[in-house]
Amino acid sequence: MRKTVRLLLSFSFLALLLGAAAAVYVALIPISLPRDQVEFTLAPGSSLRSAAREIAASEIAVEPWVLIALARLMGVEASIKAGSYQIGRGTTPLELLRKLTRGDFTQAELTFVEGWTFRQMRQRVDGHPDLRHETRDLSDGEIMRLLGVPEQPAEGAFFPDTYLFAKRSSDIDLLARAARAMQRHLQEQWQARADHLPLRDAHQALILASIIEKETGRDQDRAQVAAVFINRLRLGMPLQTDPTVIYGLGDDFDGDLRKRDLLADTPYNTYTRRGLPPTPIAMPGLASLQAALHPAASDALYFVARGDGSSHFSRTLADHNQAVRRYQKGGRP
């Protein structure tokens, strides 16, 4: 009897060794691929079994049972992460499984540019081939409700930057990241703001920053442009800035701003109305946020474009009119 038990134990141990050797062999043999790189996507909520089937269906020659067995042996069957992946020739089942548990996604990117309107931003989001489009048919207000801030206007609410994301990510998740980034930067700048600014709250700072973004052709001029608008707000002067008028015209703007446009009253016409417009007019970058809350020490009330991207700043209307004649009228009266 003892000999029989010993023999059975020996056979069992040998079987385990052979099984372990076979598992190691299978785990370390490179997977056969039809080309140099193969991509696949695992949907959110995928189980280990469904993920293994999805991978096998993506021209990746690995049997589902191999990945399932390896995951169970390693105790990671519940650690598979959804997302888009890419593997190349020479990848082994073990390396593939490690990718899946690390979330080593194939990433796409999307850049939101300073000065874009939310409309321009949405066009870029809607046209991106690597996003899962869940907002395409929603209104701006519905998007803001999904983001949990229904009272906040969409314009100016998103931070311009380059965002990396796993392919097939939801567009609402990307917008949420950009919205959180803007709130983080805005609150940091608001907390560190200069003293005695004529701004009621951080939202007004955001509005002013969006105007500075659209009015500035050269980075070095941002703080000076901010000073002009801050000085005008202190004095109760109209801001008289063309970009707000253009924004208020919407689709009616044909690229040529006329005198009648400056006289047409809208909530965004800063020639006919004093103070800030009701919402931002674009996406301001960090430099414009900083300028709005840290304007230059200047008593200038006017500025005019020189034609080379820079601006000329003046303290009096007479000096300003002279600068306009010099830089925009070729010296003509």
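Residues numbered from 1 in each chain as written. Predicted model: local features only at pLDDT ≥ 70, side-chain atom pairs only at ≥ 80, totals over all residues. Heavy atoms only, no water.

Colleague: Lay out the overall build of the protein with the relevant residues and their values.
Modeller: Of the regular secondary structure elements, the protein holds 13 helices and eight strands. For 333 residues, the compact-globule estimate of 2.2 N^0.38 gives 20 Å, and the protein exceeds it by more than 25% at 30 Å. Overall, the protein is about 115 × 40 × 35 Å in size when its C-alpha atoms are taken along their principal axes. Taken across its 333 residues, the protein has 43% of its residues classed as buried. Within the protein, residue pairs in contact and separated by at least 24 positions form 63% of the contacts whose partners lie at least 6 positions apart. When the accessible area of the protein is evaluated, it comes to approximately 18100 Å², of which 51% is carbon and sulfur surface. Both charge centroids of the protein, one from 41 positive and one from 38 negative side chains, sit 5 Å from each other. (Helix = DSSP H or I, 4+ residues; strand = E, 2+ residues; numbered from the N terminus. Rg over C-alpha atoms; globule rule 2.2 N^0.38 Å. Buried < 20%, exposed > 50% of the residue type's maximum accessible area, 1.4 Å probe, protein only. Contact = heavy atoms within 4.5 Å. Areas by Shrake-Rupley, 256 points an atom, 1.4 Å probe, with all protein chains shown as cover. Lys, Arg positive; Asp, Glu negative; His and termini not counted. Charge placed at Lys NZ, Arg CZ, Asp CG, Glu CD.)

Colleague: Any details on the layout of surface pockets? Residues and values, ideally.
Modeller: Roughly 560 Å³ of internal volume is contained in the largest pocket. Lining the largest pocket are 26 residues, with Glu215, Gln240, Asp242, Phe303 and Val304 positioned closest to its centre. Only helix 8 (202–215), helix 9 (222–235), helix 10 (242–249), strand 7 (302–305) and helix 13 (317–327) provide two or more residues apiece to the lining of the largest pocket. Broken down by element, the lining of the largest pocket gets its largest block of residues, four residues, from strand 7. Residues of the lining of the largest pocket, tallied by class, amount to twelve nonpolar, ten polar and four charged. Reported here for the second largest pocket is a volume of approximately 370 Å³. Lining the second largest pocket are 13 residues, with Thr117, Ile246, Tyr247, Gly250 and Ile281 sitting closest to its centre. The set of elements that each furnish at least two residues to the lining of the second largest pocket consists of helix 5 (118–126) and helix 10. For the lining of the second largest pocket, a count of residues per class yields five nonpolar, four polar and four charged. (1 Å grid on protein atoms, 1.4 Å probe; cavity = no way out; pocket = protein on both sides within 12 Å on 5 of 7 lines; lining within 4 Å. Points joined across faces, edges and corners; volume = space filled by probe spheres on them. Nonpolar A, V, L, I, M, F, W, Y, C, P; charged D, E, K, R; others polar.)

Colleague: Help me get a handle on the environment of glutamate 95, residues and values and all.
Modeller: With respect to the helices and strands, the residue glutamate 95 is situated in helix 4 (residues 93–102). On the basis of relative accessible area, glutamate 95 is assigned to the partly exposed category, the value being 40%. Through-space distance from the C-alpha of glutamate 95 to that of arginine 124 is 35 Å; in sequence the pair is 29 residues apart.

Colleague: If you had to explain unusual backbone geometry to someone new, which residues and values would you point to?
Modeller: A positive phi angle, near 60°, is found at histidine 196, a position not held by glycine. Relative to the elements of secondary structure, histidine 196 occurs in the loop between helix 7 (171–191) and helix 8. The exposed category is assigned to histidine 196, whose relative accessible area is 72%. Located in the positive-phi region is glutamine 240, a residue other than glycine, with phi close to 50°.

Colleague: Please set out the packing of helix 8 against helix 9 residue by residue, giving values where relevant.
Modeller: Axis separation between helix 8 and helix 9 bottoms out at 10 Å; the angle between their running directions is 125°. By the angle class used here, helix 8 and helix 9 are oblique. Classified by chirality, the crossing of helix 9 by helix 8 is right-handed. The residues of helix 9 that touch helix 8, namely those facing Leu208, Ile211, Ile212, Glu213 and Glu215, are Arg222, Val225, Ala226, Phe229 and Ile230. Classifying every residue of the contact of helix 8 with helix 9 by side-chain character gives seven nonpolar, no polar and three charged. (Axes fitted to C-alpha atoms, helices over the stretch in contact; angles between N-to-C directions. Parallel < 35°, antiparallel > 145°, perpendicular 65-115°, else oblique. Left-handed = near helix turned anticlockwise from the far one by under 90°.)

Colleague: Got a sec to walk through helix 12 (residues 286–293)? Specific residues and values, please.
Modeller: Of the positions making up helix 12, those classed as buried are Ser288, Leu289, Ala291, Ala292 and Leu293. Of the surrounding elements, those touching the buried residues of helix 12 are helix 7, helix 8 and helix 9.

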